[in-house]
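Report on the structure
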Amino acid sequence: MLLKMIEKNMPIDEVVFCKIMATKDSGAEYPEMYEYLDKVNKYLIKTIGKGIKYIQSPVTFEEQFYKVKRKGKYIGEIYGFPWLLGAWCNSNLKTIALDKYFKSQGKYISYIGITYDEPKRLKRLAENEKAPLYDWKMTEADCLQYIKEKGLYNPLYDKYKRLGCWFCVKQGINNLRILRRDYPVYWKMLLEWQKDSKIRFHPKYTVQELEEKFSQEEYFEEHKAS
């Protein structure tokens, strides 16, 4: 969306990205994503003379994870992993920080990358939010092809269909297989967090159960090959 807006000479005041941390020492994005953001930042400076503006999340995922609830049904318990519906991570780590910043800017128009094959998301737009990709009838496939042509393809799309925080509870099983295989440090962190959370990381499995499931899959695959 951003590249197309630049191509069409649409006015862009700021490109905002909310920087979320998993812990005080570990980011929420995959290492490849930070490399990609650097690449995009250089492209923006070269084309429109301004780079990405980073808005820092007020707390880390881990800090909110271990925060004790002071009211409601589960008073006295830690937050633990977010529920799949109404996940606290998006609001507490991202929305609060962005809303606070945007309100300080006065009136503004926010452009959101909703593609032509996501009509349900379009219905949730506020009055000051626009979805140019939808207006241009660009699908997800069109967008991927476009960024390839522009030389700004994100290599993470070779692994994942959807991108997000590596600790996202909305990931599918195959995403989690890749996470465990390629990012063992992150997987170990999930295993440790699960020990303290009453809420499962996945709707059907704890992280420990996923570890057992994936280990069994590997075992059978290895013996099947031999």
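Structural data are supplied above this passage.
What comes next is a walk through the structure.

Thresholds applied
- Residues numbered from 1 in each chain as written.
- Predicted model: local features only at pLDDT ≥ 70, side-chain atom pairs only at ≥ 80, totals over all residues.
- Heavy atoms only, no water.
- Phe/Tyr/Trp six-rings, centres within 6.5 Å; stacked < 30°, edge-to-face > 60°.
- Helix = DSSP H or I, 4+ residues; strand = E, 2+ residues; numbered from the N terminus.
- Buried < 20%, exposed > 50% of the residue type's maximum accessible area, 1.4 Å probe, protein only.
- Lys NZ or Arg CZ within 6 Å of the ring centre and 35° of its normal.
- Arc of directions from axis to C-beta.
- Contact = heavy atoms within 4.5 Å.
- Core = buried A, V, L, I, M, F, W, Y, C linked by side-chain atoms within 4.5 Å.
- Axes fitted to C-alpha atoms, helices over the stretch in contact; angles between N-to-C directions.
- Parallel < 35°, antiparallel > 145°, perpendicular 65-115°, else oblique.
- Nonpolar A, V, L, I, M, F, W, Y, C, P; charged D, E, K, R; others polar.
- Pairing = 2+ DSSP bridges.
- Right-handed = clockwise from strand over helix to strand, strands pointing away.
- Salt bridge = Lys/Arg side-chain N within 4 Å of Asp/Glu carboxyl O.

Counted under the stated rule, the structure contains 22 aromatic pairs. With a centroid separation of 5.8 Å and 75° between ring planes, the pair formed by Phe17 and Tyr54 is classed as edge-to-face. With Phe17 in strand S1 (residues 15-19) and Tyr54 in strand S2 (residues 52-56), this pair connects stretches of sequence that are 37 residues apart. Look at Tyr54 and you get partly exposed, because its relative accessible area is 37%. It is Lys69 that lies over the ring of Tyr79; its NZ or CZ is 5.3 Å from the centre. Of note, Lys148 hangs over the ring of Tyr153, and the distance from its end group to the ring centre comes to 5.0 Å.

Among all positions in helix H7 (residues 140-149), only Cys143, Tyr146 and Ile147 are buried. The buried residues of H7 all sit within an arc of 90° when viewed along its axis, so they share a single face. Seen from the buried face of H7, the exposed residues on the opposite side, beyond 90 degrees, are Ala141 and Glu149. Lining the buried residues of H7 we find helix H1 (2-7) and helix H6 (132-135). Phi turns positive, to about 75°, at Gly151, one or two residues after H7.

Take the side chain of Asn154 next. Checked against the element boundaries, Asn154 lands in the loop between H7 and helix H8 (173-182). In this structure, Asn154 is in contact with Met33, Tyr36, Ile147 and Leu163, ignoring residues within four places of it in sequence.

Within the chain, Asn9 stands out as a residue other than glycine whose phi angle is a positive 60°. On the accessibility criterion, Asn9 (68% relative accessible area) is exposed. Positive phi outside glycine occurs at Lys137, with the angle close to 60°. Along the chain, Lys137 falls in the loop between H6 and H7.

It is worth spelling out the nonpolar core at this point. Counting residues in hydrophobic clusters, the biggest one holds 55 residues, and the most contacted among them are Trp166, Phe167, Leu179, Leu190 and Trp193. What Phe167 contacts, discounting residues up to four positions off in sequence, is Ile20, Ala22, Ala28, Phe61, Leu190, Trp193 and Phe201.

Quick look at the packing of H8 against helix H9 (residues 184-194) now. Remark: H8 packs on H9, axes separated minimally by 5 Å, with the N-to-C direction vectors making an angle of 110°. Judged by the angle between their axes, H8 and H9 are roughly perpendicular. Across the interface between the two elements, Leu176, Leu179, Arg180, Arg181 and Asp182 of H8 pack against Pro184, Tyr186, Trp187 and Leu190 of H9. Of the residues assigned to the contact of H8 with H9, the class counts are 6 nonpolar, no polar and 3 charged.

Before going further, it helps to spend a moment on the pairing of S1. As paired elements, S1 and S2 share 5 bridges and run parallel to each other. Note that in S2 the partner of Val15 across the bridge is Ile52. With respect to chirality, the unit in which S1 leads through helix H2 (residues 31-48) into the neighbouring parallel S2 is right-handed.

Scanning the model with the defined rule gives 13 salt bridges in all. Note that Lys159 is salt-bridged to Asp182, the shortest N-O span being 3.0 Å. With a gap of 23 residues between them, Lys159 in the loop between H7 and H8 and Asp182 in helix H8 connect regions that are remote in the sequence. Overall, Lys159 belongs to the partly exposed group, its relative accessible area being 29%. Note that Glu192 is salt-bridged to Lys195, the shortest N-O span being 3.1 Å. Judged by relative accessible area, which is 39%, Glu192 ranks as partly exposed. Accessibility expressed as a relative area gives 58% for Lys195, which makes it exposed. One connected set of salt bridges, linked through shared partners, spans Glu32, Lys159, Arg181 and Asp182.

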